[in-house]
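Residue-level structure breakdown
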Amino acid sequence: MNSFKIISLCLTAYLMLAGNAFAFEHEESKVNFLEYGPKVVQNNRQLKKPYFLLFAAQWCHWCHVFNEKTLTNEKVISFLNKNFVNIFIDSDIHTGAYQKYKANGVPYTVFLNPDASVYYQYSGTLYAEPFLEVIQGVYQNIKKGLTVDGDEILPFEYTPPTKFHEYTLDKLRSTYIKGVLDNFDTEEYGVGNGVKEILPETFLYLLNTSSGRDRQDAVLWISETLKKAIDKIYDPVEGGFFRYAEKDNWDIPHYEKMAGLNTGTVLLLYKVNQEMPDPKFKKAAQQTIDYMNNTLFDEETGSFLSFQQADTSYYNLNVYWRKNVDQPLVIKKIFTDHLAITLNYLLDVLSYTGNKSLKNKVIRSLDFLSGMILKNKEIFHYYSIPEKQWSGKSGLQDHVLLVKLLQRAAAKFKHERYQNAASKIIHFSRSKYYNEQKQIFLDPELDAKDYEYLMAMNGNIALGLMEQGNKSAEQKYNSVKPLIRYFSGLEELLEDKFWDGKDWKFLERSALFLSAADKFLDLKYNPKN
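Notes on the structure in this doc start here. (Residues numbered from 1 in each chain as written. Predicted model: local features only at pLDDT ≥ 70, side-chain atom pairs only at ≥ 80, totals over all residues. Heavy atoms only, no water.)

Overview of the overall build of the protein
- Secondary structure summary: the protein contains 20 helices and 16 strands in total.
- In terms of overall dimensions, the protein has a C-alpha envelope of 65 × 60 × 50 Å along the principal axes.
- The buried share of the protein, reckoned over its 529 residues, is 57%.
- Across the protein, every contact between residues at least 6 apart in sequence was considered, and the portion connecting residues at least 24 apart equals 73%.
- Split by element, the accessible area of the protein, about 23700 Å² in all, is 48% carbon and sulfur. (Helix = DSSP H or I, 4+ residues; strand = E, 2+ residues; numbered from the N terminus. Buried < 20%, exposed > 50% of the residue type's maximum accessible area, 1.4 Å probe, protein only. Contact = heavy atoms within 4.5 Å. Areas by Shrake-Rupley, 256 points an atom, 1.4 Å probe, with all protein chains shown as cover.)

Okay, here's the thing in C-alpha cells:
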C-alpha cells in the first residue's frame, strides 16, 4: 500500500485534531531529536535520510499525548532513529519555521525528502500503531522514489496592482463581509460547520464596518456565537475562554487558555453588550479580566503571560474541589508577539472598564516591552522568567506588532518612552524587512508569495505607521499607500479561501489588512481626524 493511502487511512481512523503542544519532553525522549536551527536540515543532508520534523508547543495537550502514547513505543523509536533525521521544533520559539512549512496547529508533522523538499505534512496526533504504519510507508516510498498520490496543489498566482484604485478595496471588503456572513452557522453559530472558535479580529471588523442589514445580521450572529462560547468553552469558576471546540455543536473543548484570544474576546463582549445588552456578556468580560489579572500576570516581571496549559480533569471540577488540586501550569515565558497582541486588545478594553488594576498591569507590561527595546541593539522573541533573560531571534511578526502597539500606546498615554521605542522599532523594521522593489515588508527567509500571511503583517505595521504623532497626515498616507496598494487586489484569494471552507484563520489575517485599508481611506478623506 502506498504511503498516501496509509496516511489517509490512519488520519481518517485515528487522527485527533491537535490543540496545542507540550514542548520540551523531547529532551528526555528516546527518539534522537535534534533541536531546530537555521542550518540543521542542511547540516544533515550528507546522511541521505528523510527528515521527520515535529512542531510542538509547551502549552499543548495533544503534543503531550503524542509524546506519551506514541513516541515512547519501542518500535516507533527504533524505526525513527534508524531511518530518519528527527528534528524537534518549538512552534512558539521558531515562528519563522512554523510559517515556512505552513504549519497549521500543533502537534504538526512534516516529512522531508533527503534533498529537504517537502514529502508530506499533516496536523494532529496519531497513536503508536497507525503512526508506525505512516513512517514505514513514508520511508519505503521515499526510498523507491515514489511521490504521494493526490491532487496537485497549485500555488496562487497574483500580480499586484501597479496603481492604487479605491474600487479594488471596495470589492475586497464586500467579498470579505459577504463571505463571512454567508458562512455563519445559523443553527449552532460560529463560522463554518466544523471546529468552532471565537474569531476576535473577524467579529470586531464586522461590528466596526458592516452596515444596514449586514450589520443587523452580524450583531445578531456574533451575539449568539458569544452566548454559545460562554455556555460551551468558558470557565465559569475562574474565568477565561478555552481555545476552541472540536465539534460543530461546540462540544469537546480544547482547554488551553491563550492570553490574546481572551483579551480579544473581552473587547468583543463589551462591544456586543453595547448593541444587545446581556448580563452574561458583562459578567464574562469582568470575570475574564480578573482571570488575566490573577492568573496570567507575573508580578515579579511586571508583565502579562501568554498561555495556560490544558487540563481536562481540572476544568470539570467545581470551585470546592479545585481548591484541593494544583492549577494547570502557566507557561513561564513571555513571547513578544503574543504579549503585543494581548496589549493591543487591552488598550481598547480600558475604554470600557474603570478597572485600575488592569490599567496598572497594562502600563507595567508596556514598560517591560519598551525597556527591552530601548536597552538592547536587537529585538528578542521571548523572555524566560526562570532564567530572567530575553532570548530568541525575533521575526517580522514581532516587529510589526510592536510598531502597532507602541504607536497606539504613545497616542493613548502620551508617554515619550513609548514613542521612542516605537521609533526604534520602525527603524529596525525598515532596515531588516522592507523590500524596496516590492515596497512592502517581508521576511527574506520566508515565502514571498505567502500573501495571506504578508497582508496581515503589512496591515499591522500600516496601522502603526498611521498612528505616528510626529508625522503629518500626508506623510502617513504616503508611507502606507504602497502597502495597501500591493495587497488590494487579493479578492480572488479570498474567494478561493471561502470556497475551500476548511480553515477560517485566513479571516483573522484578512481582517487586519482590511482594518488598515479602511483607516488609510479615512486618513485620505479626513486628514485632520
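Side note on the pairing of strand E5 (residues 118–123)
- Bridge count for strand E4 (residues 108–112) against E5 is five bridges, and the pairing is antiparallel. Each bridged residue has a counterpart across the sheet, and for Thr109 the counterpart in E5 is Tyr122. (Pairing = 2+ DSSP bridges.)

Topic: the sheet that holds strand E13 (residues 380–384)
- Here three strands make up an open sheet; going across it, the order is E12-E13-E14 and the pairing antiparallel. Both outer strands of the open sheet, strand E12 (333–335) and strand E14 (389–393), are each paired with one neighbouring strand and no more. For this sheet, the mean angle separating the axes of adjacent strands, direction not counted, is 30°.
- Relative to E14, E13 runs antiparallel, the two being bridged by four bridges. Bridging from a neighbouring strand, Ser384 pairs with Gln389 of E14.
- Sitting on the sheet, helix H14 (residues 356–375) is in contact with E12, E13 and E14, with an inclination near 65° to E14. (Axes fitted to C-alpha atoms, helices over the stretch in contact; angles between N-to-C directions.)

With respect to the nonpolar core
- Ranked by size, the top nonpolar core spans 183 residues in total, and within it Phe111, Phe131 and Ile222 carry the most contacts.
- Examining the composition of this core, we find that 11 residues originate from one element, helix H20 (residues 505–525), more than from any other.
- Apart from residues lying up to four places away in sequence, Ile222 is in contact with Phe184, Phe203, Leu206, Leu207, Leu268 and Val272. (Core = buried A, V, L, I, M, F, W, Y, C linked by side-chain atoms within 4.5 Å.)

Regarding the packing of aromatic side chains
- Under the defined criterion, the tally for this structure stands at 43 aromatic pairs.
- Between Phe335 and Tyr382 the ring centres are 5.8 Å apart and the planes differ by 40°, which places this aromatic pair in the tilted class. Residue Phe335 is located in strand E12, and its partner Tyr382 is located in strand E13; the two are separated by 47 residues in the primary sequence. Accessibility assignment for this pair places Phe335 and Tyr382 in one class, buried.
- Taking 5.9 Å as the distance between ring centres and 70° as the angle between the ring planes, the aromatic pair formed by Phe487 and Phe513 counts as edge-to-face. Taken as a pair, Phe487 in helix H18 (residues 473–487) and Phe513 in helix H20 lie far apart in primary sequence, 26 residues in all. Like Phe487, the residue Phe513 is buried in the burial classification.
- Here the aromatic residues Phe33, Phe52, Phe66, Phe79, Phe84, Phe88, Phe111, Phe131 and Tyr139 are joined through ring pairs into a cluster of three or more. (Phe/Tyr/Trp six-rings, centres within 6.5 Å; stacked < 30°, edge-to-face > 60°.)

Considerations on the sheet that holds strand E2 (residues 51–56)
- Sheet architecture is open: five strands sit in the order E1-E3-E2-E4-E5, paired in mixed fashion. Strand pairing shows two members of the sheet lacking a second neighbour, strand E1 (33–35) and E5, which therefore form its edges. In this sheet, neighbouring strand axes are inclined to one another by 25° on average, regardless of whether the strands run parallel or antiparallel.

Structural notes on the packing of helix H9 (residues 259–275) against helix H13 (residues 336–349)
- Between H9 and H13, the least distance of the axes is 8 Å, while the angle of their chain directions is 20°. In terms of their interaxial angle, H9 and H13 are classed as roughly parallel. The interaxial crossing formed by H9 with H13 has left-handed handedness. Side by side, H9 and H13 meet where Ala259, Gly260, Thr263, Gly264, Val266, Leu267 and Tyr270 of the first sit next to Ile341, Thr342, Tyr345, Leu346, Asp348 and Val349 of the second.
- Each residue belonging to the contact of H9 with H13 can be placed in one class, and the counts come to eight nonpolar, four polar and one charged. (Parallel < 35°, antiparallel > 145°, perpendicular 65-115°, else oblique. Left-handed = near helix turned anticlockwise from the far one by under 90°. Nonpolar A, V, L, I, M, F, W, Y, C, P; charged D, E, K, R; others polar.)

Things to note about the pattern of salt bridges
- Throughout the structure, instances matching the rule amount to 28 salt bridges.
- Among the salt bridges present, the one from Glu491 reaches Lys171, with a minimum N-O distance of 3.8 Å. Placement of Glu491 in helix H19 (residues 491–500) and of Lys171 in helix H6 (residues 166–182) is noted, with a sequence separation of 320 residues between them.
- Notably, a salt bridge pairs Asp182 with Lys178, separated by 2.7 Å at the nearest N-O pair. One end of the pair is Asp182 and the other is Lys178, both in helix H6 and four residues apart, which spans about a single turn. (Salt bridge = Lys/Arg side-chain N within 4 Å of Asp/Glu carboxyl O.)

Details of the environment of Tyr383
- Along the chain, the position of Tyr383 falls in strand E13.
- The contact partners of Tyr383, leaving out residues within four places of it in the chain, are Thr301, Lys332, Lys333, Ile334, Phe368, Lys388, Gln389 and Trp390.

Quick notes on the environment of Ala411
- In this fold, Ala411 is placed in helix H15 (residues 396–413).
- Note on Ala411: relative accessible area 31%, which makes it partly exposed.
- For Ala411 and Glu467, which are 56 residues apart along the polypeptide, the C-alpha to C-alpha distance reads 7.2 Å.

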